[in-house]
Amino acid sequence: MPDQYTPKREDRFTFGLWTVGNVGRDPFGEPVRKPIPPERIVQRLSELGAYGVNLHDNDLVPIQATSAERDRIVKAFKKALADHGMQVPMATTNTFSHPVFRDGGFTSNDPKVRAYGLQKIMSAIDLGAELGAKIYVFWGGREGAESNITKDAVTAVKRYREGLNFLCEYVIDQGYDMKFALEAKPNEPRADMYFATTGHYLGFIETLDHPEMVGVNPEVAHESMAGLCFHHGVAQAMDAGKLFHIDLNDQRFGRYDQDFRFGSEDYKGAFLLVRLLETHGYAGSKHFDAHAYRTEDEAGVWDFALGCMRTYNILREKVRRFEGDAEVQGLLKEIHGQNAEYEPHLGQYSKAKAARLKGEVFDIEAMGARGLGYEKVDQLMAEILLGVR
Ligand code: GCO
Ligand code: MN
Ligand code: MN
C-alpha cells in the first residue's frame, strides 16, 4: 500500500546494478543468489519508485565482449531504461576485478597496465556518456599497497594525478557534459589504499589541471571504517562545493565494508545525515551503494531496496517534524543566537576591529561557567526519532 514514504522519481534515488545485483559472495562462501539480468533490475527498481541505475562498464558489458556484443547489450539495456522511465545519472569503471589490476590501474608500477587502464576507462566513459551519465565516479579499489617497499607512495599520487588529468582532457575533447567524483576508502581490498578519506581527496583535487571538473563521492561505510565522522566529511565537501555524488549505506563502526541497508544501524547518524543533505539543498542523486544481507533470496533484495528508500523518506519526514517543533526551535534559537552583539566583532579583519577586540574585557570565569543546554535538545531529537514526540 503506497503511503507518504513511498519513493517517487523526484526523490532521485538510485542503485548500482552491482548493489541489487550482488550475489552474496564473500571471502568464506559462494554466491547465494543468481545474477539478476540488468533489464529486470531496471524494471523492478522503476516499479519501486527509484529514479535511476548506475553501473560499472562490466556490470553490463563483459570485459572480453566484442564490439558487436557490446552494441547488442547496450541497445537492449537502453530499451529497458526507456520502457521503464529510468535514468543512468552515474557511471564508473571496474579497474579492480580482473587480475591485470592486481596492483592498481592508475598507480600500477607497470606502464602497460596503466595504459590498458586508461584505454578501459575511456571506453567506459564513452559508455557512460552514451547512457546519459553526467557524473563519473572513480573508486580506486586496487590503488594501494600491502607493502610500501613495492611502490613509491609519492609516485603513486603523481600517477593518479596524471591519469585523472589525461581523462579530464579526454572528456573535454569529446565534448561530454560530465564531471568526476572521487570516492575514498581506507582499506579493502588493499591493505592500505591511497587517498584514504574524503579529506585526502579534497586536498588532492586542487592539484589537478581541471579542479572545477572534479568533486567527491563520499560513502558512509568508508569513513566509518576509518573511525571518522561521516557527517563532518560530507559537510566539508559541501562547503567546498564538491559534493557531486554520495554513496549511502550503513555500517557497524570499525568493521570491514558491510554495505548494509541505508539507516539499518545508526538511526541518529542517518537522521543527521538526511538533515544535512536536505537543509543544505543537496540536489544530486541519493545513491545506495549497499546490498541485501547474504541471508536473502531475490525477494529479500527488493525488500532491501525499498527499505533503503523508505528509510530515507521516513527520516526526511522526521527532519520536517524536528524543524517544525516549537520547543526544539526555541532551544536552537537560544543556542545559535547567544551573545549576538559580538557577531560584528568577528568576520573580515580590519585594524579597527582588531583594536576593539584587544581592548575588550572578557569575564572568562562567567563565560566558562555557563551550561549550554545541549542535553535537552539532543533528547528532544531522540524522542522525535523514537516516535514518541
Ligand atoms: C566498494 C565501493 C564500490 C564503489 C563502486 C563505484 O567498497 O566496493 O564502495 O562499491 O562505490 O565501485 O565506484
Ligand atoms: Mn563501499
Ligand atoms: Mn561506494
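Taken together, Glu-183 (OE), Glu-219 (OE), Asp-247 (OD) and Asp-289 (OD) make up the protein donors of the manganese ion (ligand 3), found 2.0 to 2.2 Å from the metal. Geometry at the manganese ion (ligand 3) is octahedral, judged from its six donor atoms and the angles of 82 to 174° they form at the metal. In primary-sequence terms, the residues that donate to the manganese ion (ligand 3) follow E-x35-E-x27-D-x41-D. Residue Glu-219 is classed as buried on the basis of its relative accessible area of 1%.

To continue, consider the coordination of the manganese ion (ligand 2). Surrounding the manganese ion (ligand 2) are the protein donor atoms Glu-219 (OE), His-222 (NE2) and Asp-257 (OD), at 2.2 to 2.5 Å. Look at where the donors of the manganese ion (ligand 2) fall in the sequence and you get E-x2-H-x34-D. The distance between the manganese ion (ligand 2) and the manganese ion (ligand 3) comes to 3.8 Å, with Glu-219 serving as a donor to both metals. Taken together, the residues span a long stretch of sequence, with Glu-219 in the loop between strand S8 (214-216) and helix H8 (220-225) and Asp-257 in the loop between strand S9 (247-248) and helix H10 (267-279) at a distance of 38 residues. Owing to a relative accessible area of 10%, Asp-257 belongs among the buried residues under this scheme.

Let us now look at the domain arrangement of the protein chain. What the domain assignment lists for the protein chain is domain 1 (9-324) and domain 2 (326-385). Centre-to-centre, using C-alpha coordinates, domain 1 lies 39 Å away from domain 2. Contacts between domain 1 and domain 2 engage 11 residues on the former and eight residues on the latter. In total, about 850 Å² of surface goes out of reach between domain 1 and domain 2, with carbon and sulfur atoms giving 71% of it. Applying the counting rule to domain 1 against domain 2 returns one salt bridge. Asp-378 is the partner of Lys-268 in a salt bridge, and the nearest nitrogen-oxygen pair spans 3.1 Å.

Bringing the side chain of Thr-14 into the picture now. For Thr-14, the location among the structural elements is in strand S1 (residues 13-16). Once residues lying within four places of it in the same chain are set aside, the contact partners of Thr-14 are Tyr-51, Gly-52, Asn-54, Pro-89, Ser-285, Lys-286, His-287 and Phe-288.

As a further point, take the site of ligand 1. As a structural note, the neighbourhood of ligand 1 is formed by 13 residues, with His-56, Glu-183, Lys-185, Glu-219 and Asp-289 the closest of them. A distance of 2.8 Å separates an oxygen atom of ligand 1 from a polar atom in the side chain of Asp-257. In isolation ligand 1 exposes 330 Å². Once the protein is present, 91% of that is buried.

For the pair helix H4 (residues 67-84) and helix H5 (residues 111-131), interaxial distance at closest approach is 11 Å and the crossing angle is 30°. Viewed along their axes, H4 and H5 adopt a mutual orientation that is roughly parallel. For the element pair H4 and H5, the recorded crossing hand is right-handed. Taken together, the residues of H5 that come into contact with H4 (itself represented by Arg-70, Val-74, Phe-77, Lys-78 and Leu-81) are Leu-127, Glu-130 and Leu-131. Among the residues making up the contact of H4 with H5, the classes are represented as five nonpolar, no polar and three charged.

Calculation rules
Residue numbers restart at each chain and count upward from 1, following the sequence in its written direction. Here chains are named by letter from A upward and ligands by number from 1 upward, in the order in which they appear as written. pLDDT decides what is reported in this predicted model: residues at 70 or higher carry local features, side-chain atom pairs at 80 or more are listed and counted, and totals for whole chains, interfaces and linings draw on all residues regardless. Note: side-chain values were computed over all heavy atoms of the structure, leaving out hydrogens and water. Only nitrogen, oxygen and sulfur atoms count as donors, using a 2.8 Å cut-off from the metal that widens to 3.2 Å for Na, K and Ca. Water is left out, so coordination shells may look unfilled. Here the metal geometry follows the donor angles, with tetrahedral for four donors whose angles all fall between 85 and 135 degrees, square planar for four and octahedral for six when opposite donors are more than 155 degrees apart and every other angle is between 65 and 115, and irregular for all the rest. The rule is simple: take the accessible area with a 1.4 Å probe, protein chains only, and divide by the maximum for that residue type; under 20% is buried, over 50% is exposed, in between is partly exposed. Working definition: helices are DSSP H or I runs of at least four residues, strands are E runs of at least two. Numbering for both runs from the N terminus. How far each domain reaches was decided by an automatic or database domain assignment. Note on definitions: a residue-residue contact is assigned when non-hydrogen atoms from the two residues lie within 4.5 Å. Two parts placed together each lose some accessible area under a 1.4 Å probe, and the buried area is that loss summed for both. When a carboxyl oxygen of Asp or Glu lies within 4 Å of a side-chain nitrogen of Lys or Arg, that pair is called a salt bridge. One heavy atom suffices: a residue is near a molecule or strand as soon as one of its heavy atoms comes within 4 Å of it. Polar contacts here mean pairs of N or O atoms no more than 3.5 Å apart (in protein, one a potential hydrogen donor and the other a potential acceptor; neighbouring residues in sequence count only if both atoms are side-chain atoms). Using a 1.4 Å probe, the Shrake-Rupley method yields the accessible areas, and only the shown protein chains count as cover for residues. Every angle, taken between N-to-C directions, lies between 0 and 180 degrees, and every axis is a line fitted to C-alpha atoms, over only the stretch in contact when it is a helix. Just so you know how the angles are binned, under 35 degrees is roughly parallel, over 145 roughly antiparallel, 65 to 115 roughly perpendicular, and the rest oblique. Two helices that cross are described as forming a left-handed crossing if the nearer one is turned anticlockwise from the farther one by less than a right angle, and a right-handed crossing if clockwise. Polar here means any residue other than Ala, Val, Leu, Ile, Met, Phe, Trp, Tyr, Cys and Pro, which are nonpolar, and Asp, Glu, Lys and Arg, which are charged; Gly is therefore polar.

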